[in-house]
Structure formats: structure tokens, C-alpha cells
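Report on the structure
The residues making up each chain are set out below.
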Amino acid sequence: MSGAKNAVLPMMAASVMASRPCLIQNAPHLVDVEVMAAILTSIGVHVRWTGVTGSDLYIDPSGLRSHVVDEALMRKVRSSIFLMGPLLAKLGKVEVSHPGGCDIGPRPIDLHLKGLRAMGARFEESHGRILGVAESWKGVDIHLDIPSVGATENIMMGACLAEGVTIIRNAAKEPEIVDLQGFLNSMGASVRGAGTDVIRVEGLKSLKGAVYSVMPDRIEAGTFMAMAAITGGEIWIRNAIAEHVQAVIAKLRETGADVIEKPDGLFVRGPRRPLPTDVKTLPYPGFPTDMQPQMMALLTLADGTSVITETVFDSRFKQAEELGRMGARIRVDGRTAIIKGVPALSGAQVEATDLRSGASLVLAALAAEGVTVVTGIQNLDRGYEKFEDKIRALGGNIARVD
Ligand code: EPZ
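Residues numbered from 1 in each chain as written. Predicted model: local features only at pLDDT ≥ 70, side-chain atom pairs only at ≥ 80, totals over all residues. Heavy atoms only, no water.

With respect to the packing of aromatic side chains
Taken as a whole and judged by the stated rule, the model has three aromatic pairs. Look at phenylalanine 183 and tyrosine 212: their rings are 6.1 Å apart centre to centre, the planes differ by 75°, and that puts the pair in the edge-to-face class. Taken together, the positions of phenylalanine 183 in helix α7 (residues 175–186) and tyrosine 212 in strand β11 (residues 211–213) put the pair 29 residues apart, joining distant regions of the chain. Exposure remark for phenylalanine 183: the relative accessible area of 0% places this residue in the buried category. By relative accessible area, tyrosine 212 is classed as buried at 17%. Measuring from centroid to centroid gives 5.8 Å for phenylalanine 224 and phenylalanine 387, while their planes differ by 75°, and the two rings are edge-to-face. Of this pair, phenylalanine 224 sits in helix α8 (residues 218–231) while phenylalanine 387 sits in helix α14 (residues 387–393), and the two are 163 residues apart along the sequence. Here the aromatic cluster, defined as three or more aromatic residues joined through ring pairs, consists of Phe224, Tyr384 and Phe387. Here the basic side chain of arginine 48 rests over the ring of tyrosine 58, its NZ or CZ set 4.5 Å away from the ring centre. (Phe/Tyr/Trp six-rings, centres within 6.5 Å; stacked < 30°, edge-to-face > 60°. Helix = DSSP H or I, 4+ residues; strand = E, 2+ residues; numbered from the N terminus. Buried < 20%, exposed > 50% of the residue type's maximum accessible area, 1.4 Å probe, protein only. Lys NZ or Arg CZ within 6 Å of the ring centre and 35° of its normal.)

Pasting the structure below:
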């Protein structure tokens, strides 16, 4: 498994708060990571790939000279919003663009702003740009209306250099937040409680450099687990952490897949034909929304009808129409999708509209009869490192055609 995209991105943002260089090991070579590196470079932070396998990020923040995050770069990757807490904490000001929506629905940042405002930031918005200034920067006891991953991370990072203690209640509990806590504490921060719904941060005057290895990507692991299930194949997923994907393991077992948990990975054997089941996405430890499109692809071939309820994002069923071109029978009604299983899918020309819908189309294509052409695969490159190489190594017949 590659290192987790959604863990390394906030860590890269947090590194601007360090007084010494940081080394983030096992970082994945992904478009989102490269864009984040370009954003850091644009504000004076030195970033370079290093290490024996070339998968370590050396980040030296000593050249940090600007609080203004480039608009064009921000449009490319939403997680640049993670720079708000660290830059307000380090420089007392930040200028970013509103991250805007993407293909899974609007992406508001009201909870981010609410938390940072409570710590002392004042924001002005104009022409899509947000300018934040913090005369003072104090710890706060805040309850999040929604256990937002990004808001939890932004506040948690900013709190490390605040005056006094910060308590984040109804915090998101995703494993990436636990990993970020590990990184922050390796910088000398004092963060406790990540993985539970109450996180406590004791603000400090400064943070030192850190050497930290990123956790394996649980959504990449889940994607390959679903790949074994949909093809009826067998996949050994080395260094996948079973604890991080328990909801996915449970659902795949309901479809008839065998999942064997080992200390150093997961073995998955797909069923001859999947059984139907119902899926409801929820914040961790519920079934992850980032695995919903992949599960939808699997259930299009089930021997019966399944229902998927997407409770996290407003419109994350874009893949349904594309799967329909391959013969799937899916009826979308708001946040619910009814999937009537069919015995087989047939190859077609389909388009990936976002990262995980792209993954779901590749899974369907691997199980379909005939050839499928998936366009829009730049979306895949945002979150899957060497995706087609890994699939070919497993016996999949896939090639990138420019
Ligand atoms: C993170 O996005 C992930 N991205 C997403 O992964 C993931 O789908 C999501 O968490 C949920 O697990 C990164 O970590 C870089 P949220 P984030 O804030 O932080 C609403 C992928 O495919 N909300 O937990 O943006 C929001 O609209 C990506 O790797 C507010 O209303 O997710 C959504 O409905 C896609 N106000 C819900 O909360 C806010 O201020 C959950 O969003 C913030 C969020």
C-alpha cells in the first residue's frame, strides 16, 4: 500500500509551523501531493523528494515568506484549505481562495472558519478570496456541528501554537486524524484524543522538526479489496491495517467475499457472484463515503437488489450514470441509490468525474465482458499511485492510452 493521501496532505500543511525541517516518510507520489508541494514552494517553503525509495518528503519551512496561497494552485486541490490553521498560527495571517465545489457536491468551510474565528482570526471575503488575520491566537473549547475531517484537522493544527488549551468536541475520528496527531506530537506538540470525539491540544510557543512515516492508505486498500470481490479473484494486500477498514471488511463479507485478516496485511477472495447488501455511508468508524462508489460497482453484479444511502456528501452518485452505460441498473433518488444486480456488465466508453467514481469505473471494467475505455483518469492520478501498474501486477488487463 502507498502512504495515505488524506494523512500526508494535512501533515504537509502542518510542517509550515515547524522551526526546523521535517521528513515525511512513505509519502505517495500523487498529483494532490505534488500540487500541495507546489503551494508550499510558492510561499517560500523548500520541498523535495528524497530517501532510498524516493518516497520521503523533506520539507524545510525556514524560508516561509508569504501568507498568500496562489489561487490557481488552490483550485487544483481542496486540501490547500488545511493551510489556514497553520499559517494563522505561524504568521497571524492567511489569504486563500474558497475551495469551491467539486463533483461530489458543495464543499463548505463554515466549520473551519467558525473554529479559527473562535481562536482569534477575523476573516474578510471578496472575489472568492478569503483574508484571515489573527491579532491574538488563543485556545478554544469548540463543538463541531458535523464531525468534519478537515475542520477537525485545521483547528487541531492551529491549536498547537495557540495560547492555552483547545478542546475540539464532536471531532472527526478518522485514522488520518490519529496519524496527524502522531506527526504533530513528533514535532513536539501536545495533542491527545485523536480517534475519539474529544481532542485536547495544549498550545506551545514553537514546534521543532519531525521525522514521521505516513500510515498506509485505507481507501486504496479498500479499493483493492473491492477489486478482488468484483472480479472473483484473490488479492493479498500487504501492510493494509485491518482495524482501519473494519466497515469495508464487514460489507464485503456480506456480499460473500472471504476476508482473512493477518498482522501484516489482508487476504481477500471474491465470490463467484456477489450477494446483495445495503450500505449507508457515515463518518468513521461507519462505512467510508470514499468507498461508496467502489461498493456501488460491486453491487451492480449482485444476485439481487441493494440500497446505498450516501449521508456524507450531497451528490456522490455521479458514477451511477456511467455504470449504466455498462449495463448496470441503478435508480438514484436524492441520497439513495437502488441497485438491481445484473449477471454481467459489458465494456463501454465511460468518464471518471472524480477520484473515487473513477476507481469504481475501473473496478467495473475489470469485471465487464469486453473492453472499457475510461476517460478523465487524471482524477485517478490524484489519489492512486501507480494504479494501473498495481492492477497489471495482479493480472488485470489495463493500459493507459494517451
Ligand atoms: C475529507 O474531506 C477527505 N479529504 C475526503 O476524501 C473524505 O471524503 C471526507 O473527508 C469525508 O471522510 C481529505 O482528507 C483531503 P468533511 P473533507 O469536512 O474534510 C460538510 C477523497 O476522495 N462540511 O469531513 O472536505 C461537507 O460538506 C476525498 O479522498 C460542512 O458542512 O470532508 C460534507 O458534507 C473526497 N462544513 C461533510 O461535512 C464544513 O466546514 C463531511 O465533510 C466542512 C464540511
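Focus on the site of the ligand
Around the ligand, the surrounding shell holds 23 residues, and the nearest of these are Asp110, Leu111, Ser148, Asp290 and Val312. For the ligand, an oxygen atom lies 3.0 Å from a polar atom in the side chain of arginine 107. Between the ligand and valine 149, the relevant distance is 2.8 Å, taken from an oxygen atom to a main-chain nitrogen or oxygen of the residue. Here the ligand, which alone exposes 820 Å², has 88% of that area covered by the protein. For the shell around the ligand, the secondary structure elements donating two or more residues are α1 (5–14), α5 (110–118), α6 (149–159) and α12 (355–367). (Near = heavy atom within 4 Å. Polar contact = N/O pair within 3.5 Å; in protein donor to acceptor, adjacent residues only side chain to side chain. Areas by Shrake-Rupley, 256 points an atom, 1.4 Å probe, with all protein chains shown as cover.)

Some thoughts on the sheet that holds strand β5 (residues 121–126)
Within a sheet, adjacent strands bond to each other through the backbone by hydrogen bonds, running parallel or antiparallel. Spatially, the three strands line up as an open sheet ordered β4-β6-β5, and their pairing is antiparallel. Of all the strands in the sheet, the pair left with one neighbour each is β4 (93–97) and β5. Strand-to-strand twist of the sheet, defined as the mean angle between neighbouring strand axes without regard to direction, takes the value 15°. Judged from the five bridges that link them, β4 and strand β6 (residues 129–134) form a sheet pairing that is antiparallel. Its bridge partner lying in β6, serine 97 is registered against arginine 129. (Pairing = 2+ DSSP bridges. Axes fitted to C-alpha atoms, helices over the stretch in contact; angles between N-to-C directions.)

Structural notes on the sheet that holds strand β12 (residues 234–238)
Here we have three strands laid out as an open sheet, ordered β12-β14-β13, and antiparallel in their pairing. Two strands close off the open sheet at either side, each with one partner strand: β12 and β13 (258–262). In this sheet, neighbouring strand axes are inclined to one another by 10° on average, regardless of whether the strands run parallel or antiparallel. As defined by bridge partners, β13 adjoins strand β14 (residues 265–269) across five bridges and the pair is classed as antiparallel. Opposite lysine 262, over in β14, you have glycine 265 as the bridge partner. Against the sheet, α8 engages β12, β13 and β14, with an angle of about 165° to β12. On the sheet, helix α9 (residues 246–254) packs against β13 and β14 and is oriented at approximately 150° with respect to β13. (Contact = heavy atoms within 4.5 Å.)

Quick word on the pattern of salt bridges
A complete count under the given rule lists 21 salt bridges for this structure. Note that lysine 114 and aspartate 145 form a salt bridge whose closest N and O atoms lie 3.4 Å from each other. Taken together, the residues lysine 114 in helix α5 and aspartate 145 in the loop between β7 (141–143) and α6 connect sequence positions 31 residues apart. The shortest N-O distance in the salt bridge between glutamate 261 and arginine 253 comes to 3.7 Å. Accessibility expressed as a relative area gives 40% for arginine 253, which makes it partly exposed. (Salt bridge = Lys/Arg side-chain N within 4 Å of Asp/Glu carboxyl O.)

Overview of the domain arrangement of the protein
Looking at the protein, the domain boundaries give domain 1 (5–213) and domain 2 (218–393). Each side of the interface is counted separately: domain 1 has 18 residues, and domain 2 has 20 residues. Regarding the contact of domain 1 and domain 2, the summed buried area is about 1,600 Å², with carbon and sulfur atoms giving 53% of it. If you sort the residues of domain 1 by the area they bury against domain 2, Asp103, Ile104 and Pro175 come out on top, with a joint share of 36%. Applying the counting rule to domain 1 against domain 2 returns two salt bridges. (Domains from an automatic or database assignment. Buried area = accessible area lost by both parts, 1.4 Å probe.)

Some remarks on the packing of helix α10 (residues 292–299) against helix α11 (residues 318–325)
The interhelical angle for the contact between α10 and α11, taken along N-to-C directions, is 30°, at an axis separation of 10 Å. In terms of axis orientation, α10 runs roughly parallel to α11. Relative to α11, the crossing made by α10 is right-handed. Together, Gln292, Pro293, Met296 and Ala297 of α10 and Gln319, Ala320 and Leu323 of α11 make up the contact between the two elements. Of the residues assigned to the contact of α10 with α11, the class counts are five nonpolar, two polar and no charged. (Parallel < 35°, antiparallel > 145°, perpendicular 65-115°, else oblique. Left-handed = near helix turned anticlockwise from the far one by under 90°. Nonpolar A, V, L, I, M, F, W, Y, C, P; charged D, E, K, R; others polar.)

Considering the pairing of strand β16 (residues 305–310)
Every second residue of β16 is oriented toward a common face, the buried set being Ser306, Ile308 and Glu310 and the non-buried set Thr305, Val307 and Thr309. Of the strand pairs in this sheet, strand β15 (residues 279–281) and β16 are connected by three bridges, and their pairing is parallel. In the strand pairing of β16, threonine 281 is matched with glutamate 310. Each parallel crossover has a hand, and the one from β15 via α10 to β16 is right-handed. Where β16 and strand β18 (residues 336–340) come together, five bridges link them in antiparallel fashion. From the neighbouring strand, threonine 305 faces β18, where its bridge partner is lysine 340. (Right-handed = clockwise from strand over helix to strand, strands pointing away.)

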